[in-house]
Amino acid sequence: MLNLVIFGAPGSGKGTQSELLIDEYGLFHISTGEVLRDHIARGTELGKIADSYISKGQLIPDELMIDILSHLLDSDERTRKGVIFDGFPRTINQAKALKKMLAERGSKVHAVVGLEVEDSELIDRLLKRGKDSGRADDNLDTITQRLHVYHSQTQPLQEYYRNEGKYHSINGTGSIDEIFSTIKQALEWAKVTPKEPIKQ
Ligand code: AMP
């Protein structure tokens, strides 16, 4: 089994590259942002709480987010075959909690793929995406806040995972296919890809 974390600022291409990695390695996709947006769309209690943070570009508190993730890992057997974590962890506390949760399930994070893109390019991409996404947080004020949160709370995870020898820095600019082949190469060099693609 292979557990990957796809890491990067908002707009760095995590969702797009996750889709390709899922097809290539048969991973189960957990996007915490999508899970929260689904709750908001269904008007659940959790959705109401999540909305109050997401619309301001702030992070959902660690304790709540870790609880959500733990339930997700337990709710679907396919997570045991390998997961791509997209949008989690976003803080050092979440990374430590993920390590513990996976260890309790006899597993670990095998590699972290970090998509690196300049802020000016991220802002351009997110404003373009905002025209069609309908996402309440793809507007300039919230984007600016999300980038600030990324640099202050999430970026320190690069160092955390570098120290664990798991961080793979990927240039996140260029065509989707070019970026994907750089990711595959990095994973192959690090010998973290499964020998046979895992079929779901
Ligand atoms: P994303 O779709 O990953 O860009 O996430 C959208 C928003 O959901 C973020 O700006 C946060 O408000 C919230 N969110 C998603 N994942 C997390 C997380 N791991 N921790 C805290 N908040 C999160």
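Draft legend 1. Focus on the sheet that holds strand β2 (residues 28-31). Taken in spatial order, the five strands make up an open sheet running β2-β3-β1-β4-β5, and their pairing is parallel. Both outer strands of the open sheet, β2 and β5 (167-171), are each paired with one neighbouring strand and no more. Here the strands of the sheet are splayed against their neighbours by 20 degrees on average, with no regard to which way each runs. Note that strand β1 (residues 4-8) and strand β3 (residues 83-86) share three bridges and pair parallel. Each residue of the ladder has a partner; that of I6, found in β3, is D86.

Draft legend 2. Quick peek at the site of the ligand. Surveying the vicinity of the ligand reveals 16 residues, the closest of which are T32, R37, Q58, G87 and Q94. One of the side-chain N or O atoms of T32 is found 2.8 Å from a nitrogen atom in the ligand. Interatomic distance of 3.3 Å between a side-chain N/O atom of R135 and an oxygen atom of the ligand. Protein contacts shield 96% of the accessible area of the ligand, which totals 480 Å² for the unbound molecule. Looking at the shell around the ligand element by element, the count peaks at four residues for helix α2 (residues 32-42). In terms of residue class, the shell around the ligand is made up of six nonpolar, five polar and five charged.

Draft legend 3. Inspection of α2 at higher detail. Residues T32, G33, L36 and H39 constitute the buried set of α2. For α2, the buried positions fall inside an angular range of 125 degrees around the axis, keeping them on one side. What points out from α2, more than 90 degrees from its buried face, is the exposed set A41 and R42. Those residues of α2 that are buried are in contact with β2, α3 (45-54), α4 (62-75) and β3. Positioned one or two residues after α2, G43 has a phi angle of 70 degrees, which is positive.

Draft legend 4. Focus on unusual backbone geometry. In this chain, F88 is followed by P89 through a cis amide linkage whose omega measures 0 degrees. Relative to the elements of secondary structure, P89 occurs in the loop between β3 and α5 (92-104).

Draft legend 5. The side chain of D137, seen in detail. Its location among the elements puts D137 in the loop between α6 (119-133) and α7 (140-154). Classification of D137 by relative accessible area gives buried; the value is 7%. At 3.0 Å, the side chain of D137 and the side chain of R135 are in polar contact. Beyond its immediate sequence surroundings of up to four residues, D137 is in contact with I54, T142, I143 and R146.

Calculation notes
Residues numbered from 1 in each chain as written. Predicted model: local features only at pLDDT ≥ 70, side-chain atom pairs only at ≥ 80, totals over all residues. Heavy atoms only, no water. Pairing = 2+ DSSP bridges. Helix = DSSP H or I, 4+ residues; strand = E, 2+ residues; numbered from the N terminus. Axes fitted to C-alpha atoms, helices over the stretch in contact; angles between N-to-C directions. Near = heavy atom within 4 Å. Polar contact = N/O pair within 3.5 Å; in protein donor to acceptor, adjacent residues only side chain to side chain. Areas by Shrake-Rupley, 256 points an atom, 1.4 Å probe, with all protein chains shown as cover. Nonpolar A, V, L, I, M, F, W, Y, C, P; charged D, E, K, R; others polar. Buried < 20%, exposed > 50% of the residue type's maximum accessible area, 1.4 Å probe, protein only. Arc of directions from axis to C-beta. Contact = heavy atoms within 4.5 Å.

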